[in-house]
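One letter stands for each residue in the lines below.
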Amino acid sequence: MQMDLRASDAGGAAFAPLVVLELATHAKEEAVTWLLGRIRDDERNGGAELLVQQLQIGGRDDQKTNPNVFLVGSTWHRLLRGAEEVGLFKEFHDGSMRGFTFSNRERFRDFQGDGDGFLSAAECQYIIKHELDTLRARDEAHVPGYPKAKLYPGKSIIRRLQSHSILVQVFPLHDKEELKRLSFSWYRRIKLSFQPLDDIRHYFGEGLALYFGFLEYFTFALVPMALVGIPYYLFDWENYDKYVLIAVFNLVWSTVFLEVWKRCSATLAYGWGTLSRKMAFEEPRPGFHGVLGLNPVTGREEPIYPNAKRQLRIYLVSVPFVLLCLYLSLHVMMIYFSMEVWALSAYEAEPGVLSSVLLFVPSIVYAVVIEAMNLAYRYAAEFLTDWENHRLESSYQNHLVLKVLVFNFVNCFASLFYIAFVMQDMVLLRQSLATLLITSQILNQIMEAFLPYWLQRRRNKKAHRRVWRVMGDKELPFREQVQLEADMSTYLGTFDDYLEQFLLFGYVSLFSCVYPLAAVLVVLNNVTEVYSDAFKMCHVFKRPFSVPAANIGVWQLAFETMSVIAVVTNCALIGLSPQVQAYFPESDTHLILMVVSVEHVLLAFKCILAFVIPDVPKQIQIKLAHLEFESLEALKKKVPMLQRKPK
């Protein structure tokens, strides 16, 4: 349907809509006219040189009309020049991945004619977003019609409009035909095969494709743990003396798992052209504020906020608040143990079916409370990190991840550590781990799979019922499709998805030797996670803009930290096993020294393994080195030519 809406801009160039720009209904006409003029204006005049067409949303008696919805597109010539500006890497005629240049466009593989089809829709939409984000104020003192929306030379126009709620949202449009093909190959058929990662990357971009690649890799990597855990569960369930073997296997697995993933990630990133791609200069995030000053790097005026003031906010407010939340989490944990004692005493006083069921109630209630506390803390952490006023989005994300990970780790695992090393009750540890894991997975499936599916079905029925009243049994018109996508939830990124996998990795790597079915449950959870996440990306959320990524970022460090903690935890569990303690009947000191020595040896082995296994495969290293050599040779030839030019 999108292709049916091809129209002509003032310049006469046809375009297909790729991005929707929705301004507030009450936006002043002079502001709208000014913004559209800047978007259409030539690059040499500071414009984006894009194509824009107005779209009327609503127009029926039962709905309000918003005249300020616009479709943004571009000519192929402009998109190709934009591809060079953002530093896209594409496959060269010799099979290597190189930075795209407009002058050498004919030498890139799959480039034909005027370049139609050379760039994916996700890349086109990313380029348009880049051009919109880099629209900067020239000599305007404020947004026309909004004296309080101050502007200064170099200020991002889109960010200023968003911060003053003049611009409601900017989102890329779905391609219905391509989405249908992706859905069919991705999740609509239940099959035992790999995900179509290249197709996912082509449609959603590298960041999301890397998440699904990691999810797939993690799931397959858990299969050996699951295969070892099933017979162990069946034949050695009550024999806790023999969990030493699976603990040792756990140590080796958690060490090798992440090192091999680095290589897989590098292979994927190289094939997608993001491994050696240089990151663009990072601009201040939209929520950043401060006194107007001069950026010493760019020379542009932008808000300046004292770093000392930010550090005071972090250490005098944020850190004490996090510590208070950790204290509350530990307090709730002690209440849980009191409930466990009460349930056990009730069972011992009057054994029966009801009292047997009652034994599991404290763990189930505690698991629900943990999920609720994690959710509440997440909102508090976002508020605090916003209040800290970080200049860059990367800094904001790092501080947010740190806050959330610390609390989630303590909140989810503190009770298990207490049971394992203070109470030293392996039966209760097994029961608590199983209950926490199963309950959290059930809640996640309800919130992430069933609820979104039900809400989307309800939303689609309403939309189709509304259209049917007007048009009868026909395909959803393009205008209705745009409105349907505009009303969809906004995808907030892979943060929560990685966080969930991080906690599952913790359950498996820290204590699965006590409950060997943990890996089996996580495998089953992740299989359903793939299908539920795929459905949500295709039908529940707006299509997100592509996010170029060469790896999983700070989450790699988070998983590696968890694997180090897993080494310490499993060594301690080995030391607590009666089988090992039998070798040191008279001296606990010797036992502790032995456990610490083994732990240090394993950590050293982990470091050696990280050094021996290169993060980037050898053949990719050679290709990158060859490309760098060619670039240096080309530069050597270019410099003398420039020197010989007449002045």
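Residues numbered from 1 in each chain as written. Predicted model: local features only at pLDDT ≥ 70, side-chain atom pairs only at ≥ 80, totals over all residues. Heavy atoms only, no water.

Participant: For this particular structure, what's the right way to read the pattern of salt bridges?
Facilitator: Tallied over the entire structure, the rule returns 21 salt bridges. The partner of Lys-536 in a salt bridge is Asp-533, and the shortest N-O contact between them spans 3.4 Å. Taken together, the positions of Lys-536 and Asp-533, both in helix α16 (residues 518-540) and three residues apart, correspond to about one turn of that helix. As far as the burial class goes, Lys-536 and Asp-533 line up, both buried. A single salt-bridge network, built from bridges that share partners, covers Glu-43, Glu-49, Arg-78, Arg-81, Glu-85 and Glu-131. (Salt bridge = Lys/Arg side-chain N within 4 Å of Asp/Glu carboxyl O. Helix = DSSP H or I, 4+ residues; strand = E, 2+ residues; numbered from the N terminus. Buried < 20%, exposed > 50% of the residue type's maximum accessible area, 1.4 Å probe, protein only.)

Participant: Just to check I follow, could you spell out the nonpolar core for this structure?
Facilitator: Here is a general trend for soluble globular proteins: nonpolar side chains tend to be buried in one another's company. If you look at the biggest cluster of nonpolar residues, it comprises 108 residues, and the most contacted ones within it are Trp-186, Phe-212, Trp-253, Phe-257, Phe-413, Phe-502 and Trp-555. With 14 residues, helix α7 (residues 206-235) is the single largest residue contributor to this core. Setting aside residues up to four positions removed in sequence, Trp-555 forms contacts with Val-401, Leu-405, Phe-495, Tyr-498, Leu-499 and Phe-502. Formed by 45 residues, the second largest nonpolar core is a distinct cluster that contains Val-19, Val-86, Phe-102 and Cys-124. (Core = buried A, V, L, I, M, F, W, Y, C linked by side-chain atoms within 4.5 Å. Contact = heavy atoms within 4.5 Å.)

Participant: How should I be thinking about the UniProt feature "transmembrane region" (unreviewed entry) in the protein chain in this particular structure?
Facilitator: The feature "transmembrane region" (unreviewed entry), as annotated in UniProt, sits at residues 208-234, 240-261, 314-337, 357-379, 400-421, 433-455, 502-524 and 591-613 in this numbering. A helix fraction of 100% and a strand fraction of 0% characterise residues 314-337, whose end C-alpha atoms lie 33 Å from each other. Between the C-alpha atoms that bound residues 357-379 there is a distance of 34 Å. The span itself is 91% helix and 0% strand. (UniProt positions renumbered as here; feature names shortened; annotations may be inferred.)

Participant: Whenever I open this one, helix α5 (residues 176-186) confuses me. Can you help?
Facilitator: Side chains three or four residues apart in an α-helix point the same way, a direct result of the helix having 3.6 residues per turn. Taken together, the buried positions of α5 are Glu-178, Leu-179, Leu-182, Ser-183 and Trp-186. Taken end-on, α5 shows its buried residues confined to a sector of 135 degrees, consistent with a single buried face. With respect to the buried face of α5, the exposed residues turned more than 90 degrees away are Lys-180 and Arg-181. Tucked into the core, α5 has its buried residues touching α3 (121-133), α6 (197-204), α7 and α16. Its side-chain oxygen 3.2 Å from the backbone nitrogen of Glu-177, Asp-175 forms the N-cap of α5. (Arc of directions from axis to C-beta. Polar contact = N/O pair within 3.5 Å; in protein donor to acceptor, adjacent residues only side chain to side chain.)

Participant: Help me out: how do you make sense of the pairing of strand β5 (residues 66-73) in this one?
Facilitator: Within a regular strand, side chains alternate between the sheet's two faces. By the criterion of burial, β5 is predominantly enclosed, with seven of the eight residues buried. Here strand β3 (residues 19-23) pairs with β5 via four bridges, running antiparallel. Opposite Leu-21, over in β5, you have Phe-70 as the bridge partner. (Pairing = 2+ DSSP bridges.)

Participant: Which parts of the structure should I look at to understand the packing of aromatic side chains?
Facilitator: The relation between two aromatic rings is expressed through the spacing of the ring centres and the mutual angle of the planes. Inspection of the entire model under this criterion finds 38 aromatic pairs. Ring plane angle 10 degrees and centroid distance 4.4 Å describe the contact between Tyr-336 and Tyr-366, whose orientation is recorded as stacked. Linking Tyr-336 in helix α9 (residues 307-349) with Tyr-366 in helix α11 (residues 361-387), this pair joins segments that are 30 residues apart in sequence. Judged by its relative accessible area of 2%, Tyr-336 falls in the buried class. Here the aromatic rings of Phe-337 and Tyr-418 are separated by 4.9 Å at their centres, their planes lie at 35 degrees, and the arrangement is tilted. (Phe/Tyr/Trp six-rings, centres within 6.5 Å; stacked < 30°, edge-to-face > 60°.)

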